[in-house]
Amino acid sequence: MAETASKYLLASVQEMEEAHLSAPTRARMLRLREMYALWLQNPRWGDSDIVRQLKQTYSLSTTQAYEDCRLVKVCLGNLGRLTKDYDRFLFRQRCEEGWEMARKADDAKAFAAVTATYLKGTGLDRDDPTAPDYATIRPQTFVITSDPTAAGFKPIPGIIEKARRLEARYIQEIEAEEQVPE
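Residues numbered from 1 in each chain as written. Predicted model: local features only at pLDDT ≥ 70, side-chain atom pairs only at ≥ 80, totals over all residues. Heavy atoms only, no water.

Engineer: Quick question: what am I supposed to make of the overall build of the chain here?
Structural biologist: For the chain, the helix and strand inventory stands at 8 helices and 0 strands. Taken from the N to the C terminus, the helices and strands of the chain come in the order α-α-α-α-α-α-α-α. The C-alpha atoms of the chain give 33 Å as radius of gyration, which overshoots the globular expectation for 182 residues (16 Å, by more than 25%). Considering the chain as a whole, with its 182 residues, one finds that 22% of them fall into the buried category. Taking all contacts inside the chain whose residues are at least 6 apart in sequence as the whole, residues at least 24 apart take part in 45%. (Helix = DSSP H or I, 4+ residues; strand = E, 2+ residues; numbered from the N terminus. Rg over C-alpha atoms; globule rule 2.2 N^0.38 Å. Buried < 20%, exposed > 50% of the residue type's maximum accessible area, 1.4 Å probe, protein only. Contact = heavy atoms within 4.5 Å.)

Have a look at this one:
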């Protein structure tokens, strides 16, 4: 189910239908998407907050709510592999906690330090690169061919022989004209 959740979490209902996902699975994907968005809006929330929200909103059992919470966490970033997505999520969550502690302590220096760390950690302190990565650009390769179907034309049977005959005829005409005295 984790693979399905990762693949179809942000897919449209039409894409899910085209993939032949069952109606309960589609409904679950929409439920997981809602919790995913809610968790992104509330990064300080923990598992228990998401589980509580799932139980209240969808009347799920505790077991089902924790399973859904696990799938949302997989989509946020796989905890077992500690992917960059999860690290980013965790970094933002820790920054939120730092800001909250600085607010409670009324410590402007600590707040500024957390903000500086956040800016550096998210790359917001740097300009976005404007030039394309030229290392990834590959020139188009061209293959020379005498096959007219490569250009979208219908092949004409015996065209090469006909061209040779015409060429020979025109060469004879040119030679004949060159031999005629003026």
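Engineer: Any chance you could explain the nonpolar core here in plain terms?
Structural biologist: Where a protein is soluble and globular, its nonpolar side chains tend to be buried together. Formed by 23 residues in total, the largest nonpolar core has its most connected members in Leu32, Trp39 and Val72. Elements that contribute at least two residues to this core include exactly α1 (2-8), α3 (23-41), α4 (47-58) and α5 (62-76). What valine 72 contacts, discounting residues up to four positions off in sequence, is Leu32, Met35, Tyr36 and Trp39. (Core = buried A, V, L, I, M, F, W, Y, C linked by side-chain atoms within 4.5 Å.)

Engineer: Which parts of the structure should I look at to understand a nonpolar patch on the surface?
Structural biologist: A grouping of Ile156, Ile159 and Ile160 is seen on the molecular surface, where their side chains present a nonpolar patch of about 290 Å² in accessible area. Mapped onto the elements of the fold, isoleucine 159 is located in helix α8 (residues 159-179). (Patch = residues over 30% accessible without salt bridge, like charges linked within 9 Å, V, L, I, M, F, W, Y side chains within 5 Å. Areas by Shrake-Rupley, 256 points an atom, 1.4 Å probe, with all protein chains shown as cover. Salt bridge = Lys/Arg side-chain N within 4 Å of Asp/Glu carboxyl O.)

Engineer: How should the packing of aromatic side chains be read in this particular structure?
Structural biologist: Two aromatic rings are characterised by how far apart their centres lie and by the angle between their planes. All chains considered together, the criterion is met by 3 aromatic pairs. Ring geometry for tryptophan 99 against phenylalanine 111: centres 6.1 Å apart, planes inclined by 40 degrees, an arrangement best described as tilted. Of the two residues, tryptophan 99 is situated in helix α6 (residues 84-105) and phenylalanine 111 in helix α7 (residues 108-122); the sequence distance between them amounts to 12 residues. Between tryptophan 99 and tyrosine 118 the ring centres are 5.2 Å apart and the planes differ by 55 degrees, which places this aromatic pair in the tilted class. Separated by 19 residues along the polypeptide, tryptophan 99 in helix α6 and tyrosine 118 in helix α7 bring together distant segments of the chain. The lysine or arginine in question, arginine 31, covers the ring of tyrosine 58, its NZ or CZ lying 5.9 Å from the ring centre. (Phe/Tyr/Trp six-rings, centres within 6.5 Å; stacked < 30°, edge-to-face > 60°. Lys NZ or Arg CZ within 6 Å of the ring centre and 35° of its normal.)

Engineer: Help me understand the packing of α4 against α5 in this model?
Structural biologist: Each pair of packed helices can be described by the angle between their axes along with the distance between the axes. The N-to-C vectors of α4 and α5 enclose an angle of 125 degrees; their axes lie 9 Å apart at closest approach. One way to sum up the angle between α4 and α5 is to call them oblique. The element α4 and its partner α5 pack so that their crossing is right-handed. On the side of α4, the interface is formed by Asp47, Ile50, Val51, Leu54 and Lys55, while α5 contributes Thr62, Ala65, Tyr66, Asp68, Cys69 and Lys73. Tallied by class, residues from the contact of α4 with α5 come to 6 nonpolar, 1 polar and 4 charged. (Axes fitted to C-alpha atoms, helices over the stretch in contact; angles between N-to-C directions. Parallel < 35°, antiparallel > 145°, perpendicular 65-115°, else oblique. Left-handed = near helix turned anticlockwise from the far one by under 90°. Nonpolar A, V, L, I, M, F, W, Y, C, P; charged D, E, K, R; others polar.)

Engineer: Mind showing me how you'd approach the side chain of arginine 31 here?
Structural biologist: With respect to the secondary-structure elements, arginine 31 resides in helix α3. The exposure class assigned to arginine 31 is buried, which follows from its relative accessible area of 13%. Among all residues touching arginine 31, those that are not within four sequence positions of it are Leu54, Tyr58, Leu60, Gln64 and Asp68.

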